[in-house]
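If you want the building blocks of each chain, they are given just below.
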Number of protein chains: 2
Amino acid sequence: MWTLYHQWLSPFCRKVRLFLAEKKVDFELRLEPVWDRRAEFLALNPAGEVPVLENIDGATLADSQAIVEFIEEEVPEPSLIGRDAAERAEVRRLVAWFDRKFNAEVTDNLVGEKVVNRLLRMGTPDSRAIRAGHLNVRHHLEYVGFLMERRTWLAGDRLTLADLTAAAHFSCIDYLGDVPWEAHEEAKTWYARIKSRPSFRPLLSDHIPGMAPASNYADMDF
Amino acid sequence: MWTLYHQWLSPFCRKVRLFLAEKKVDFELRLEPVWDRRAEFLALNPAGEVPVLENIDGATLADSQAIVEFIEEEVPEPSLIGRDAAERAEVRRLVAWFDRKFNAEVTDNLVGEKVVNRLLRMGTPDSRAIRAGHLNVRHHLEYVGFLMERRTWLAGDRLTLADLTAAAHFSCIDYLGDVPWEAHEEAKTWYARIKSRPSFRPLLSDHIPGMAPASNYADMDF
């Protein structure tokens, strides 16, 4: 049995949650208040970040990509990182797109300012950052649309970690009601397909105390 | 034959340069002025970022981690990402440590402010960011020291991508003369071992026009 140390609106934790669920690997969620920098948690991951995946036998994995690559090896089916080297390169390119580019351009600006800032009482959100996040999310929706005009799923003809990673990132922004789906039909169709998967259901019932999700967050007809 | 589109002080490009050299994979360097956003380059990588590795047959890889994972599969020896799943998880954890944590805490603050800012004529460097970079690099030197008290190389008993990634990041800061090696003996010993490898030599002859390296940058006795 695995325990996943996580935070609700961390796209990196959500990526691991979706990945484990698609692999049908059982795990328990454990909310980790990373800002407390608990000694026991730092012993698991000196970076002090979630996600961390801990096995009942004591084995510990840290960093979302290190975790999913490990699970892909241990539980090969269904294959989610690609079936050959070229496919894996394309999946990993898109994972990096969302984990780094989307995260810096959108997530940090919106979740960072609206949620983390508030949880840590770091003062008023920066309205310039929020405007930048709102502008940038449109470019990423367009890129998803561009890919969906050419492919069945983001990285090719099968669902992969690229879709799960992208959906994990979009879902955090969607919790805040900040994804303009109506203006991006192809991206919306893609997200609706991910959203209807059993692996996605637990994410849709996330409810952060004191911070209700946007009204369409859990809606299949959004 | 491969062509690597790069920037001189990008730790991500240096990571790929070191990796290819350790694998004895031949490649040509091509300096890409990413801020020009050339259409031909965006066609290779719509993220508009270096590194991009292009094969003479037209195959294109983008994102440093996607590139090295691909090459590790195509050229298995010497193994640089670990020989089993647990070892690979530890290598990838440390790669993420430097590619994300060191990059945000040190590289963005120092290379970002001192070099990128200047190249793009974006105004005066932010002295608060530079101070933060100087402070943070010490924590990372301590972490390298902590690992070196326990292991032969960063991830275990063999040189891996973890060492190459860490060295790539430190080398960019070292070019600026901003690594306080003298106060961190164990980290210095580790860096001296990497610095003396043939794979590292090309990096030591890097010389950015108009921005000479710090005096000890290429020195074996630093």
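Calculation notes
- Residues numbered from 1 in each chain as written.
- Chains lettered and ligands numbered in written order.
- Predicted model: local features only at pLDDT ≥ 70, side-chain atom pairs only at ≥ 80, totals over all residues.
- Heavy atoms only, no water.
- Phe/Tyr/Trp six-rings, centres within 6.5 Å; stacked < 30°, edge-to-face > 60°.
- Helix = DSSP H or I, 4+ residues; strand = E, 2+ residues; numbered from the N terminus.
- Buried < 20%, exposed > 50% of the residue type's maximum accessible area, 1.4 Å probe, protein only.
- Lys NZ or Arg CZ within 6 Å of the ring centre and 35° of its normal.
- UniProt positions renumbered as here; feature names shortened; annotations may be inferred.
- Domains from an automatic or database assignment.
- Contact = heavy atoms within 4.5 Å.
- Buried area = accessible area lost by both parts, 1.4 Å probe.
- Salt bridge = Lys/Arg side-chain N within 4 Å of Asp/Glu carboxyl O.
- Polar contact = N/O pair within 3.5 Å; in protein donor to acceptor, adjacent residues only side chain to side chain.
- Nonpolar A, V, L, I, M, F, W, Y, C, P; charged D, E, K, R; others polar.

### Focus on the packing of aromatic side chains
Each aromatic ring pair is summarised here by two numbers: the centre-to-centre distance and the angle between the ring planes.
Item 1. For the coordinates displayed, the defined rule picks out 30 aromatic pairs over all chains.
Item 2. With a centroid separation of 5.6 Å and 45° between ring planes, the pair formed by Phe170(A) and Trp181(A) is classed as tilted. Of the two residues, Phe170(A) sits in helix 6 (residues 161-175) while Trp181(A) sits in the loop between helix 6 and helix 7 (185-195), which places them 11 residues apart along the sequence.
Item 3. For Phe170(A), a relative accessible area of 0% gives the class buried.
Item 4. Plain terms: the ring middles of Trp97(B) and Tyr143(B) are 4.0 Å apart, the flat faces sit at 15° to each other, and that makes the pair stacked. Of this pair, Trp97(B) sits in helix 4 (residues 85-119) while Tyr143(B) sits in helix 5 (residues 127-148), and the two are 46 residues apart along the sequence.
Item 5. Residue Tyr143(B) is classed as buried on the basis of its relative accessible area, which comes to 9%.
Item 6. The aromatic ring of Phe146(B) is capped on one face by Arg150(B), whose charged end is 3.7 Å from the ring centroid.

### Details of the UniProt feature "domain: GST N-terminal" (unreviewed entry) in chain A
Item 1. In the numbering adopted here, UniProt assigns the feature "domain: GST N-terminal" (unreviewed entry) to residues 1-79 of chain A.
Item 2. Structurally, residues 1-79 of chain A comprises 37% helix and 22% strand, and the distance from its first C-alpha atom to its last is 21 Å.

### Observations concerning the domain arrangement of chain A
Residues and elements named next belong to chain A.
Item 1. By domain assignment, chain A separates into domain 1 (2-74) and domain 2 (85-204).
Item 2. Between the C-alpha centres of domain 1 and domain 2 the distance comes to 20 Å.
Item 3. Across the contact, 16 residues belong to domain 1 and 24 residues belong to domain 2.
Item 4. Buried surface at the junction of domain 1 and domain 2, summed over both partners, amounts to about 1800 Å²; 71% is from carbon and sulfur atoms.
Item 5. Looking only at domain 1, the three residues that lose the most surface to domain 2 are Leu9, Arg14 and Leu18, adding up to 37% of its buried area.
Item 6. Across the domain 1-domain 2 interface, the total number found is three salt bridges.
Item 7. A salt bridge links Glu22 to Arg197; its shortest N-O distance comes to 2.7 Å.
Item 8. In this structure, the connection of domain 1 to domain 2 is made through five residue pairs in polar contact (both at pLDDT 80 or more).
Item 9. Going through the elements one at a time, helix 1 (11-22) and helix 3 (64-74) are the ones with two or more residues in the side of domain 1 that touches domain 2.
Item 10. The residue makeup of the side of domain 1 that touches domain 2, split by class, is eight nonpolar, three polar and five charged.

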